[in-house]
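Chain by chain, the residues run as shown.
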Amino acid sequence: MPAPELASGSDALDHEFSFSKADFDRVRELIYRHAGISLHDGKHAMVYSRLSRRLRETGHKSFASYLQWLEASTGPSSAVEWQEFVNCLTTNLTSFFREDHHFHALKDDLKPLAGKPVRIWCCAASTGEEPYSILMTCSEALGSGASVQLVASDIDTNVLNTARRGVYNADSRGLDPTRLKNFFMRGTGANAGKIRVKPELQRLVEFRPLNLMDTQWQLGDPFHMVFCRNVMIYFDAPTQRKVLERIHRVMRPGGLLFVGHSENFTESRDLFKLRGKTIYERV
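All of these numbers come straight from a predicted model, not from anything done at the bench. Starting afresh in each chain, residues are numbered from 1 along the sequence in its written order. Note on the predicted model: pLDDT of at least 70 is required for a residue's local features to be given, and 80 or more for side-chain atom pairs to be given and counted; whole-chain, interface and lining totals, by contrast, use all residues. The basis for every side-chain value is the complete set of non-hydrogen atoms in the structure, without hydrogens or water.

## With respect to helix α10 (residues 237-249)
Then comes step 1: Taking 1.5 Å of rise per residue, the 13 residues of α10 would be expected to cover 18 Å, and the 19 Å separating its terminal C-alpha atoms lies within 8% of that figure.
Then comes step 2: Residue contacts are counted whenever heavy atoms from the two residues lie within 4.5 Å of one another. Put simply, DSSP marks the helices as runs of H or I at least four residues long and the strands as runs of E at least two long, and each gets a number from the N terminus on. Against the buried residues of α10 lie α1 (21-35), β1 (118-122), β7 (223-228), β8 (251-259), β9 (272-276) and β10 (279-282). One less than the number of residues in a helix, times 1.5 Å, gives the span that helix is expected to have.

## Considerations on the packing of α1 against helix α4 (residues 76-89)
Then comes step 1: Every axis in this analysis is a line fitted to C-alpha atoms, fitted for helices over the stretch in contact. Angles between the N-to-C directions lie between 0 and 180 degrees. Remark: α1 packs on α4, axes separated minimally by 11 Å, with the N-to-C direction vectors making an angle of 105 degrees. As summarised for this structure, α1 and α4 are arranged roughly perpendicular, according to the angle between their axes. Residues Val27, Leu30, Ile31 and His34 of α1 form the contact with α4, whose own contacting residues are Trp82, Phe85, Val86 and Leu89. Here is the rule for angles: anything less than 35 degrees is roughly parallel, anything more than 145 is roughly antiparallel, 65 through 115 is roughly perpendicular, and the remaining ranges are oblique.

## Considering helix α7 (residues 157-165)
Turn by turn, an α-helix covers 3.6 residues, leaving residues three or four places apart pointing in a common direction.
Then comes step 1: Burial here depends on accessible area, computed with a 1.4 Å probe over protein chains only, as a share of the maximum for the residue type. Under 20% is buried, over 50% is exposed, and the range in between is partly exposed. Of all the residues in α7, the buried ones are Val159, Leu160 and Ala163. Looking down the long axis of α7, one finds its buried residues gathered within 105 degrees of arc, a one-sided arrangement.
Then comes step 2: The inward-facing, buried residues of α7 contact α6 (129-142), β2 (148-154), β3 (167-169) and β6 (205-209).
Then comes step 3: The distance from a side-chain oxygen at the start of α7 to the backbone nitrogen of asparagine 158 is 2.9 Å, and the residue carrying that oxygen is aspartate 156.
Then comes step 4: At the exit of α7 stands glycine 166, carrying a positive phi of roughly 65 degrees. What the arc measures is the spread of directions leading from the helix axis to the C-beta atoms. Between N or O atoms, a polar contact is any pair within 3.5 Å; within protein, one atom must be a potential hydrogen donor and the other a potential acceptor, and residues adjacent in sequence are included only when both atoms are from side chains.

## Considering the confidence of the model for the protein
Then comes step 1: Confidence per residue, as judged by the predictor, is encoded in pLDDT with a range of 0 to 100. Averaged over every residue, the pLDDT of the protein is 92; the share at 70 or more is 95%.
Then comes step 2: Of the regions scoring below 50 in pLDDT, residues 1-13 engages in 18 contacts with residues more than four places distant in sequence or in other chains.

## Thoughts on the sheet that holds β1
Remark on secondary structure: sheet strands pair via backbone hydrogen bonds, oriented parallel or antiparallel.
Then comes step 1: Reading across from one edge, β6-β2-β1-β7-β8-β10-β9 is the order of the seven strands in this open sheet, with mixed pairing throughout. Two strands bound the open sheet, and with one partner strand each, they are β6 and β9. Across this sheet, the average inter-strand angle for adjacent strands is 20 degrees, counted without regard to direction.
Then comes step 2: Here a strand pair is declared whenever DSSP counts at least two bridges between the two strands. In this sheet, β7 lies alongside β1 in parallel orientation, the contact comprising three bridges. Note that in β7 the partner of cysteine 122 across the bridge is phenylalanine 227.
Then comes step 3: Along the sheet, helix α5 (residues 101-110) contacts β1, β7, β8, β9 and β10; its crossing angle with β7, the most-contacted strand, is approximately 175 degrees.

## Concerning the side chain of glutamate 263
Then comes step 1: Topologically, glutamate 263 is positioned in the loop between β8 and β9.
Then comes step 2: For the buried glutamate 263, which has no salt bridge, the nearest side chain bearing the opposite charge is arginine 229, at an N-O separation of 7.8 Å.
Then comes step 3: A polar contact of 3.0 Å, which involves the side chain of glutamate 263, links it to the backbone nitrogen of valine 231.
Then comes step 4: Polar contacts involving the side chain of glutamate 263 include one to the main-chain amide nitrogen of glycine 260, which spans 2.5 Å.
Then comes step 5: With residues up to four places along the chain from it excluded, the contact list for glutamate 263 reads Cys228, Arg229, Asn230, Val231, Met232, Ile233, Thr278 and Tyr280. Positive charges come from Lys and Arg alone, negative charges from Asp and Glu alone, with His and the N- and C-terminal ends not counted. For salt bridges, the criterion is a side-chain nitrogen of Lys or Arg within 4 Å of an Asp or Glu carboxyl oxygen.

## Comments concerning the sheet that holds β3
Then comes step 1: Strand order in the open sheet formed by three strands is β3-β5-β4, and the pairing between neighbours is antiparallel. Each edge of the open sheet carries a strand with a single partner, namely β3 and β4 (184-186). The average undirected angle you get between the axes of adjacent strands in this sheet is 35 degrees.
Then comes step 2: Where β3 lies against strand β5 (residues 194-197), three bridges are found, and the strand directions are antiparallel. Each residue of the ladder has a partner; that of valine 167, found in β5, is arginine 196.

Given below as structure tokens:
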């Protein structure tokens with residue numbers, strides 16, 4: 001019997017498990033169907049590295065066996081494994097006040113809302129640095145007693161658990177001494193070198209799992225601002241359009257959409273018009 005065909009570019013991998021081009025294509029189809037993520041051909045090594053952990057955990061000896069089991073499984077255990085599958089294949093690169101021009105703009109746009117309830121959605125919360133950066137900006141712009149509600153969602157349940165804890169390294173990138181003092185508690189003893197978000201900031205955010213491919217988003221009242229940064233780069237054009245239409249429906253007229261530095265939605269002028277550097281206004 002001939003050896004299975006290896007996915008292009010994967011011959012440098014330590015092949016603990018059989019991983020064919022057909023296996024890679026199946027993974028690509030499944031993650032697109034479940035999360036809207038488009039994996040290009042250069043992701044073979046990443047897929048092998050990340051999903052091989054699931055094969056070890058579940059006792060499967062090949063990707064073909066694991067993927068067949070994943071698709072055939074039913075019940076609560078199936079939902080758990082599908083979540084693990086998605087968690088493995090999502091990317092979570094983040095830091096405090098990343099793309100800081102957005103937070104300067106946010107501070108200015110919040111000031112006219114002083115004294116009013118403000119609702120914001122961060123739809124790729126990752127490990128929490130972005131939502132907490134939003135809340136620190138809200139506090140600086142509107143005062144600590146402002147009525148702010150932040151919904152912070154992500155498809156990856158593992159990173160959401162980290163975000164809920166709100167514990168980070170004291171030397172985390174993007175934090176200056178003033179913000180460290182105002183918004184964090186410093187760890188002592190065994191927790192030296194760590195910082196924790198203060199409870200008064202944490203109580204303003206609700207972390208929840210959410211798949212942007214879901215057809216119904218139960219998010220409550222419309223949002224004044226939505227942060228959807230560096231998310232659309234993982235979607236193809238039809239999926240981007242579908243998600244933008246859904247985001248449009250959960251925003252207030254004139255609401256602001258903050259997107260990543262490499263994302264451009266000029267093809268959706270009927271939904272959003274460019275208002276500033278990677279900031280769009282809901283039409």
